[in-house]
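These are the residues of each chain, in order.
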Amino acid sequence: MAVLQMRKLCICGLKKERKPILELLQNSGVVQINKGDGPEEFFEKIDTQVARSGFERNAAIAETALEILDEYAPESKGMFAALEGKREINNEEASRIVRNRERTIQYANKIIGLKKDVDKIEADIVKLEAKLEAITPWLNMDVAGLTKGTMRTSYFYGSLPDIYTQDTLYQKISELGTFPEASDVRIFYSDKNQTCVAGFCMKKDEVVFEEALRSIGFAKPGFLMRSVPAESKKKWLKRLEDFKVQKENIQKQITEMAQKRIDLQNVADYFRSRADKYQILGGLDQSKHTFFVTGYIPAREEDALKNKLEEKYTVFFKTEEVPENEDAPVKLDNGAFGKPVEGVIESFGLPKKGEIDPSNIMAFFYYFLFGMMLSDAAYGFLMAIACFVVLKKFKKMNPSLKKSIQMFMYCGISTLIWGILFGGYFGDAVTIISQTFFNKTVTVPALWFAPLDEPMRLLIYSMAFGLVHMFVGLGLKAYMLIKNKKYLDAVFDVGFWYFFIIGLVMMLVPSELFESISQSDLDYPGWFSPAAYAITILGLVGILFMSGRRKGNKWALRLALGAYDIYGVSSWLSDVLSYSRLLALGLATGVIGSVINLMGSMAGDGIFGAIVFIIVFIVGHGLNMAINILGAYVHTNRLQFVEFFGKFYEGGGEPFEPFAHNTKYVDLSENK
């Protein structure tokens, strides 16, 4: 278990070589660069905002074009595309990207422009369809919408809010008594929402006639029909068809530009990397002829980077130990066994200054507890083999994803071992298959014991393993205190707790309660109980008097704090009980698996029975495996984060974030 040793770094270079030096640092990806904080009277910073904004804008343009292509010409990807990782490019390809960057951005702008044309046409189509829907009530009107009457008559058309027949409309008009005698109102459309009418009157009665119509809710249409409605509809339908053809043609042009997808991905990564470089550039301390880079570098990388820089450029390269009052960024470095769980630790929090990297120790317990929860040899075998094949086939996958798959591979191996110990192979599939289809009873005996037959035994072991897990966590706390030369703290804050908890366990073991739960009847020597009481009292008194030792001679406060700490033993009890989830999930896997096998065998033997059994077996065990893998993952994390880390680990370290190529699609490397 190791946290990489960090060194403070300072590089001074000639300003004329600033660009290639920064590119070398970005390609190397081993330096976290800090913002310069030199005095303003000696140093200046250049404003890179305009250039950086231009690069970010171009990257955004390329990304927008890619999103448009994904909408109209989706990229065909295999089932395991997410595992393939980034494309690798060589120096020649990288140079081609730089040469063609402006042309590629032009393609991106063209795609965006075509998309805007499509959006405009779609908006026009929506408006036209709304007009076609709105004109439907007026299709029976054979007068042009612009018609206002003749030399001596006036013409109105519109709608009334109520439902009328011609007779009820005339009745309404007659009741009002305000309509001119030489006038008429005719209905040409009616539905549950409105009644569409046309009215005629003499020119001299135009104002009176319109006011009379408005008194019963008359309103003119919200749009203008220049010609006869039926003719307008034909024109609009033709225009609608033209819009759809235009839209299809433009979409076809966008689809044809899908061949530029890789170029767009390349240029998006290029401009994104350029923006990152200019952001760093704007934070550097610079003088008239020199510039300075300060930050952090892993100690094991400094010699290689120094040689590269001094071989090509005129630079001053210096590293030093990180000061005691300064927190360096954290990067974990573990072997094949501990590296897979680094992601789990990072999700909780990296070690802060003075803490150890718990990866390797946690990895052992992580695989151990996960396997015990899943505890089916067949599930573990399938899980381990599947992860192994994926790791071998997809070697360029994302590093964090690779760690996760490696972790599940080890968890699968652990599950296989626990399954053999507990005798679980797809539940009791071997027994059920032999009984149903071969009229024989074949069983695979457990190498240790079968949890379904002895659940209380498994409960005892689960709590015992949990106690060991927490004791190791407490031991790591003592290790860190001793490492920091706090020897008395290790005795007072850890040693006395060991005595107290071990004494309580020793007092519990000979009790009738424990014997009934464990179904054991053991004989203990005469000194066992007195020793248990002595150890418990020693731990109790030590905690009582020494937990509040920092309060000096304020004995009342010291004793109060000590008593409060002793009350914390209840959290130990709850933590130990938390490990009963090892029993619960272990039994759940086996019980559900057995039920699935029983359901599959209900169709009996024969061809039909075999078909039913195979279908139920595959579907049932597939679901059972998926659900219990998820359950084991969640609860194993909980046992690590709460019960284990709670004893010694806080986290809170800042991750090491080197200046590197922040690419999304391609893998850029100095060596390619």
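Check the entry above for the structure.
Predicted model only: the values in this text are computed from it and were never measured.

### Let's talk about the layout of surface pockets
If you add up the space inside the second largest pocket, you get close to 740 Å³. Of the residues assigned to the lining of the second largest pocket, the class counts are 13 nonpolar, five polar and 10 charged.

### Notes on the side chain of His 621
Note on placement: His 621 falls in helix 22 (residues 606-644). Of the residues examined, His 621 reaches a relative accessible area of 3% and is grouped as buried. Reaching out from His 621, the side chain makes a polar contact with the side chain of Asn 597 at a distance of 2.8 Å. If sequence neighbours within four positions are ignored, His 621 has contacts with Tyr 379, Phe 426, Gly 427, Gly 593, Ile 596, Asn 597 and Val 616.

### Comments concerning unusual backbone geometry
Positioned with a positive phi, Ser 375 is a non-glycine residue whose angle comes to about 45°. Structurally, Ser 375 can be placed in the loop between helix 11 (359-374) and helix 12 (377-393). Positive phi, close to 55°, is recorded for Asn 439, a residue that is not glycine. Here Asn 439 shows up in the loop between helix 14 (429-438) and helix 15 (455-483).

### Description of the packing of aromatic side chains
Here a ring pair, both rings aromatic, is described through the centre-centre distance and the interplanar angle of the planes. Under the definition given, this model contains 50 aromatic pairs. With centroids separated by 5.9 Å and ring planes inclined at 50°, the aromatic side chains of Phe 648 and Tyr 649 adopt a geometry described as tilted. Exposure class is identical for Phe 648 and Tyr 649. Each is buried. Across from the ring centre of Phe 394, 5.7 Å away, lies the NZ or CZ of Lys 393, which sits over that ring. Here the guanidinium or amino end of Arg 558 rests over the ring plane of Trp 555, the centre of that ring lying 4.1 Å away.

### Focus: the sheet that holds strand 6 (residues 195-202)
Pairing within the open sheet is antiparallel, and its three strands lie in the order 4-6-5. The sheet is open, and its two edges are formed by strand 4 (153-160) and strand 5 (183-190), each paired on a single side. For this sheet, the mean angle separating the axes of adjacent strands, direction not counted, is 20°. One ladder, built from seven bridges, connects strand 5 with strand 6; its direction is antiparallel. Across the sheet, the residue bridging to Tyr 189 is Cys 196, located in strand 6. On the sheet, helix 6 (residues 206-215) packs against strand 4, strand 5 and strand 6 and is oriented at approximately 10° with respect to strand 4.

### Looking at the state of the cysteines
Tallying each qualifying case throughout the model produces zero disulfides. Between Cys 196, a cysteine without a disulfide, and Cys 201, which holds the nearest cysteine sulfur, the sulfur-to-sulfur distance is 19 Å. Its relative accessible area of 3% is what places Cys 201 among the buried residues.

### Comments concerning the environment of Pro 161
In this fold, Pro 161 is placed in the loop between strand 4 and helix 5 (166-176). Under the relative-accessibility criterion, Pro 161 is labelled partly exposed at 46%. Between the C-alpha atoms of Pro 161 and Gln 194, which are 33 residues apart in sequence, the distance is 4.9 Å. When sequence neighbours within four positions are dropped, the list of residues in contact with Pro 161 reads Asn 193, Gln 194, Ile 216 and Gly 217.

### Examining empty space enclosed by the protein
Scanning the model with the defined rule gives one cavity of 30 Å³ or more in all. Volume-wise, the largest cavity comes out at about 40 Å³. For the largest cavity, the full set of lining residues is Arg 96, Ile 97, Asn 100, Thr 104, Asp 263, Asn 266 and Val 267. Elements supplying a minimum of two residues to the lining of the largest cavity: helix 3 (91-99) and helix 8 (261-282).

Procedures and definitions
Residues numbered from 1 in each chain as written. Predicted model: local features only at pLDDT ≥ 70, side-chain atom pairs only at ≥ 80, totals over all residues. Heavy atoms only, no water. 1 Å grid on protein atoms, 1.4 Å probe; cavity = no way out; pocket = protein on both sides within 12 Å on 5 of 7 lines; lining within 4 Å. Points joined across faces, edges and corners; volume = space filled by probe spheres on them. Nonpolar A, V, L, I, M, F, W, Y, C, P; charged D, E, K, R; others polar. Helix = DSSP H or I, 4+ residues; strand = E, 2+ residues; numbered from the N terminus. Buried < 20%, exposed > 50% of the residue type's maximum accessible area, 1.4 Å probe, protein only. Polar contact = N/O pair within 3.5 Å; in protein donor to acceptor, adjacent residues only side chain to side chain. Contact = heavy atoms within 4.5 Å. Phe/Tyr/Trp six-rings, centres within 6.5 Å; stacked < 30°, edge-to-face > 60°. Lys NZ or Arg CZ within 6 Å of the ring centre and 35° of its normal. Pairing = 2+ DSSP bridges. Axes fitted to C-alpha atoms, helices over the stretch in contact; angles between N-to-C directions. Disulfide = S-S within 2.5 Å.

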